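Reading the structure
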Amino acid sequence: MKTLHDYLRSTKIESSLIELVELLAETGNKISHLVRQGALANILGAADSQNIQGEDQKKLDVIANQMIKDTLINFSTVAAIASEEEDSIVPANSTGKFLVAFDPLDGSSNIDINGQIGSIFTIYPRLADLAVDNEAQFLQPGRQQLAAGYILYGPSTQLVMSLGKTTQCFTLDESKSTFVLTNEQMQIAKDTQEFSINMSNQRFWSEKMRHYIGELILGASGSRGKNFNMRWNGAMVGDVHRVMMRGGIFLYPSDNRNPKQPAKLRLLYEANPIAMLVENAGGKALNESQSILTIQPKALHERVAVILGSANEVDSCMSA
Ligand code: AFP
């Protein structure tokens, strides 16, 4: 079986981008090792701090963020980084050609219950006409991404990534401490009978979303004429991986719980990288009106509604 190292060199991707992807994979491997030790590595529980999102940080949020940040800052081709756990961007190397944004630990509420968690990353080209400490570097539409991926810390550790046209899956061979190609071209089923949404927010959704989900729940006795199953993981990486593997529709729609914050998921380091992976696997990823990858970001930690997965089901949701 082909290793990540061999796969990357079989592509036409430039060597400096290959090296950066390998560095991120290697850091994910190290985080995976910590995750597997759990309480024995003193990584569980709260960090007694909050991030700019106003979220209580877990110890592993902080540890994973520091590991990725320390690795990238010292890598000569990285111009600047952005993270869910960093208030603002962190300039790195003035001659760097890449920007890296990441959610170091997605699904923090799953850490202490041994649930699925992951790290999400995205790589953009550095904008030559802007200084490396200019936040506007990162306000590029998702279509500009050079590479994107997530590392899922589940029963096995898997790296799902796209370097442009297709989406691959690699599985960590812990005996050799290396990622091995296990799916060269992931394809999301066009149809599904499985949806993924946090139902406890139902009373806060738009009428349109309440109607659409209501029809899924009516199943064969409703307008859809078939039954649906539901899954909600609490970690986007876990729900998205299920969609990548067996189809489905994942939704975190806008809601009116907090008029100042109608959406939850972050555009730069959650929605955009995931949207690239999903679209390059034949799925769709929208924000209730347009492809997520076409959104012009206005702020670093901007949030966005997310509806993604099996193309025909996303179409059904949008036309509901
Ligand atoms: P945390 O990393 O703070 O746990 O948030 C995870 C997440 O951003 C995304 O991964 C999940 O799909 C979503 O939040 C879960 O949100 P709810 O807790 O509101 O269901």
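About the cut-offs
Residues numbered from 1 in each chain as written. Predicted model: local features only at pLDDT ≥ 70, side-chain atom pairs only at ≥ 80, totals over all residues. Heavy atoms only, no water. Near = heavy atom within 4 Å. Polar contact = N/O pair within 3.5 Å; in protein donor to acceptor, adjacent residues only side chain to side chain. Areas by Shrake-Rupley, 256 points an atom, 1.4 Å probe, with all protein chains shown as cover. Nonpolar A, V, L, I, M, F, W, Y, C, P; charged D, E, K, R; others polar. Axes fitted to C-alpha atoms, helices over the stretch in contact; angles between N-to-C directions. Helix = DSSP H or I, 4+ residues; strand = E, 2+ residues; numbered from the N terminus. Parallel < 35°, antiparallel > 145°, perpendicular 65-115°, else oblique. Left-handed = near helix turned anticlockwise from the far one by under 90°. Contact = heavy atoms within 4.5 Å. Pairing = 2+ DSSP bridges. Buried < 20%, exposed > 50% of the residue type's maximum accessible area, 1.4 Å probe, protein only. Domains from an automatic or database assignment. Buried area = accessible area lost by both parts, 1.4 Å probe. Salt bridge = Lys/Arg side-chain N within 4 Å of Asp/Glu carboxyl O.

1. A short note on the site of the ligand
Neighbouring residues of the ligand: 15 residues in total, closest Asp 106, Gly 107, Asn 198, Met 236 and Tyr 252. Between Asp 106 and the ligand, the recorded distance is 2.6 Å, taken from a side-chain N or O atom to an oxygen atom. Between an oxygen atom of the ligand and a side-chain N or O atom of Tyr 252, the distance comes to 2.7 Å. If the ligand stood free it would expose 480 Å²; the protein chains cover 86% of that surface. Taken together, the residues of the shell around the ligand break down into 6 nonpolar, 5 polar and 4 charged.

2. Points about the packing of helix α2 (residues 15-37) against helix α3 (residues 59-73)
Packing of α2 against α3 brings their axes to within 10 Å, and their N-to-C directions diverge by 150°. Considering their axes alone, α2 and α3 lie roughly antiparallel with respect to each other. The two elements α2 and α3 meet at a crossing, and its hand is right-handed. Counting all contacts with α2, which are made through Leu 20, Leu 23, Leu 24, Thr 27, Lys 30, Ile 31, Leu 34 and Val 35, the residues of α3 involved are Leu 60, Ile 63, Ala 64, Met 67, Ile 68, Thr 71 and Leu 72. Across the contact of α2 with α3, the residue classes tally to 12 nonpolar, 2 polar and 1 charged.

3. Brief notes about the sheet that holds strand β11 (residues 194-196)
Spatially, the 5 strands line up as an open sheet ordered β12-β11-β13-β15-β14, and their pairing is mixed. A strand with exactly one partner marks an edge of an open sheet, and here the two such strands are β12 (229-230) and β14 (284-286). Sheet topology places strand β13 (residues 249-252) next to strand β15 (residues 306-309); 4 bridges connect them, and they run antiparallel. Note that in β15 the partner of Phe 250 across the bridge is Leu 308. Helix α4 (residues 207-218) contacts β11, β13 and β15 of the sheet and is inclined by roughly 145° relative to β13.

4. Examining the pairing of strand β7 (residues 147-153)
A large share of β7 lies buried, amounting to 7 of its 7 residues. Side chains of β7 alternate between two faces, with Ala 147, Gly 149, Ile 151 and Tyr 153 and Ala 148, Tyr 150 and Leu 152 buried alike. When strand β6 (residues 117-125) meets β7, the two strands line up antiparallel, connected through 7 bridges. The residue of β7 that forms the bridge with Ile 120 is Tyr 150. Bridge count for β7 against strand β8 (residues 157-162) is 6 bridges, and the pairing is antiparallel.

5. Brief notes about the domain arrangement of the protein chain
Entries for the protein chain in the domain assignment read domain 1 (4-183) and domain 2 (194-318). One C-alpha centre belongs to domain 1, the other to domain 2, and the line joining them spans 23 Å. Taken together, the two surfaces of domain 1 and domain 2 that pack against each other cover about 3,000 Å², and 58% of this comes from carbon and sulfur. A per-residue breakdown of the area domain 1 buries against domain 2 is headed by Leu 139, Arg 143 and Tyr 150, which together make up 20% of the total. Scanning the region where domain 1 abuts domain 2 turns up 3 salt bridges. A salt bridge links Glu 84 to Arg 266; the nearest nitrogen and oxygen atoms lie 3.5 Å apart. On inspection of domain 1 and its partner domain 2, the count reaches 21 residue pairs in polar contact (both at pLDDT 80 or more).

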